[in-house]
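Residue strings, one per chain:
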Amino acid sequence: MPAIPGGLSRRVCLRFLSALSAPAAWLAAPQTAHAGGQLEEPLMDSVRTALSSAIGNRAPPEPEFFSTESRLHYLRWLTAMSDRLRHRKPEWGVRHEFLQTVWYEAKRAGLEVSLVLGLIQVESGFRKFAVSSVGARGYMQVMPFWARVIGDGDPGKLFHMQTNLRYGCVILRHYIDREQGNLFMALGRYNGSRGRAPYPDAVFGAQRNWSFSEKP
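Residues numbered from 1 in each chain as written. Predicted model: local features only at pLDDT ≥ 70, side-chain atom pairs only at ≥ 80, totals over all residues. Heavy atoms only, no water.

1. Considerations on the pattern of salt bridges
Threshold: By definition here, a salt bridge exists when the distance from a side-chain nitrogen of Lys or Arg to a carboxyl oxygen of Asp or Glu is within 4 Å. Numbering of helices and strands runs from the N terminus, with a helix taken as a DSSP run of H or I at least four residues long and a strand as a DSSP run of E at least two residues long. Relative accessibility decides the category of a residue: with a 1.4 Å probe and only protein chains considered, values under 20% of the type maximum give buried, values over 50% give exposed, and everything between is partly exposed.
Across all of its chains, the model carries 11 salt bridges by this definition. The partner of Glu41 in a salt bridge is Arg189, and the shortest N-O contact between them spans 3.0 Å. Here Arg189 lies in helix 9 (residues 183–191) and Glu41 lies in the loop between helix 2 (23–28) and helix 3 (45–56), a separation of 148 residues in the sequence. Judged by its relative accessible area of 13%, Arg189 falls in the buried class. A salt bridge links Arg194 to Glu179; the nearest nitrogen and oxygen atoms lie 2.6 Å apart. Of this pair, Arg194 sits in the loop between helix 9 and helix 10 (198–207) while Glu179 sits in the loop between helix 8 (161–178) and helix 9; the two residues are 15 residues apart in sequence, bridging distant segments of the chain. Taken together, the salt bridges that share partners define one network made up of Glu41, Arg178, Glu179, Arg189 and Arg194.

2. Looking at the packing of helix 6 (residues 113–124) against helix 9
For clarity, the threshold we go by: Only C-alpha atoms enter the line fits that serve as axes; for helices the fit covers just the stretch in contact. Angles between N-to-C directions range over 0 to 180 degrees. Note on convention: the crossing is left-handed when the near helix lies turned anticlockwise from the far helix by less than a right angle, right-handed when the turn is clockwise. Should any heavy atoms of two residues lie within 4.5 Å, those residues are considered in contact. Basically, the charged four are Asp, Glu, Lys and Arg, the nonpolar ten are Ala, Val, Leu, Ile, Met, Phe, Trp, Tyr, Cys and Pro, and anything else, Gly included, counts as polar.
The interhelical angle for the contact between helix 6 and helix 9, taken along N-to-C directions, is 35°, at an axis separation of 13 Å. Regarding helix 6 and helix 9, the two cross each other, and that crossing is right-handed. Note on element contacts: helix 9 touches helix 6 through Leu183, Leu187, Tyr190 and Asn191, opposite Leu115, Leu119 and Glu123. By residue class, the composition of the contact of helix 6 with helix 9 is 5 nonpolar, 1 polar and 1 charged.

3. Quick notes on the environment of Arg208
The topology assignment puts Arg208 in the segment after helix 10. With 94 residues separating them along the chain, Arg208 and Ser114 place their C-alpha atoms 7.5 Å apart.

4. Section: the packing of helix 9 against helix 10
The packing of two helices is summarised by the inter-axis angle and the distance between the axes. What counts, and what does not: Note that the term roughly parallel is reserved for angles under 35 degrees, roughly antiparallel for angles over 145, roughly perpendicular for angles of 65 to 115, and oblique for everything else.
Interaxial distance between helix 9 and helix 10 falls to 8 Å at its minimum, and their mutual angle equals 110°. The orientation of helix 9 relative to helix 10 falls into the category roughly perpendicular. Here Leu183, Phe184, Leu187, Gly188, Tyr190 and Asn191 of helix 9 lie close against helix 10, whose contacting residues are Tyr199, Pro200, Asp201, Val203 and Phe204. Residue composition of the contact of helix 9 with helix 10, by class: 8 nonpolar, 2 polar and 1 charged.

5. Overview of unusual backbone geometry
One non-glycine residue, Phe126, lies in positive phi territory at about 65°. Mapping Phe126 onto the fold places it in the loop between helix 6 and helix 7 (145–150). Its relative accessible area of 3% is what places Phe126 among the buried residues. Despite not being glycine, Gln141 shows a phi value in the positive range, around 50°. Positionally, Gln141 belongs in the loop between helix 6 and helix 7. Accessibility expressed as a relative area gives 0% for Gln141, which makes it buried.

6. What about the nonpolar core?
Grouped burial of nonpolar side chains is what soluble globular proteins tend to show. Stated precisely, the cut-off is as follows: The set of buried Ala, Val, Leu, Ile, Met, Phe, Trp, Tyr and Cys residues whose side-chain atoms join them within 4.5 Å is what this entry labels a nonpolar core.
With 52 residues, the main nonpolar core has Phe98, Leu117, Met140 and Trp146 as its most contacted residues. At the level of elements, helix 3, helix 4 (68–85), helix 5 (92–109), helix 6, helix 7, helix 8, helix 9 and helix 10 are the ones that each hand at least two residues to this core. Broken down by element, the residue count for this core peaks at 9 residues, all from helix 8.

7. Details of the side chain of Asn209
Basically, it comes down to this: The definition of a polar contact used here is a pair of N or O atoms within 3.5 Å, where within protein one atom must be able to donate a hydrogen and the other to accept one, and adjacent residues in sequence count solely through side-chain atom pairs.
Looking at the secondary structure, you find Asn209 in the segment after helix 10. A polar contact of 3.2 Å, which involves the side chain of Asn209, links it to the side chain of Gln121.

8. Some thoughts on the packing of aromatic side chains
Cut-off, in case you're wondering: Between rings of Phe, Tyr and Trp, where Trp is taken as its six-membered ring, a pair exists when centres lie within 6.5 Å; planes separated by under 30 degrees are stacked, by over 60 edge-to-face, and by other angles tilted. Consider the ring centre and the ring normal. A charge sits over the ring if Lys NZ or Arg CZ is within 6 Å of that centre and within 35 degrees of that normal.
Under the criterion given, the structure shown has 11 aromatic pairs. Ring centres 4.9 Å apart and planes at 55° place the aromatic pair Trp77 and Trp103 in the tilted group. Here Trp77, found in helix 4, pairs with Trp103, found in helix 5; they are 26 residues apart in sequence, far enough to count as distant. There is no split in this pair, since Trp77 and Trp103 are both buried. Ring centres of Trp146 and Tyr175 lie 6.4 Å apart, and the angle between their planes is 65°; this geometry places the pair in the edge-to-face category. Residue Trp146 is found in helix 7, and its partner Tyr175 is found in helix 8; the two are separated by 29 residues along the sequence. If you follow Lys89 out to its NZ or CZ, it ends over the ring of Phe98, 5.1 Å from the centre. It is Lys107 that lies over the ring of Trp103; its NZ or CZ is 4.7 Å from the centre.

Shown next, in the form of structure tokens:
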């Protein structure tokens, strides 16, 4: 995401970020990683164990549906999101695998799929191999220390699509729980800018690009 020129007021900065949330703007924006980087913090053993367990299952991301209608809803969502993502991922098979995995991992972590897609848009511009200036990696710009703290210690795996999305969703869920459901503060913590508005506002703005509702 392009840097905001210095010396501008908060209102102008937020206007700048809001403008970039429009579909035409984000499609044309330079593909730079916007991650500030999660900060390594001490974790209680119970929390570390829970997070390790949450990222441990490498089962294929196959969504399960308990009714025909829920499956049809998913397929309609998949079609709509695929159309919106076409400019970033031209190949249908690549888009399908990516969107299916985002759906699966977001639902698994109890997150809104549109929020996860908005965060990916802001963090990496949907680039699998994005690396930020502070070393955050992949779609959800996960910091390498997480591989040591709750994984097997191999940060290279953060470029694997499902692994990256699994880590990112689990970490965001952890921050939301830690902030007692305060999404604004949790997003700031995810970005390493807790309490400051530009990053959460950018994600909320991007989230609107991925909202999905069906007419009755």
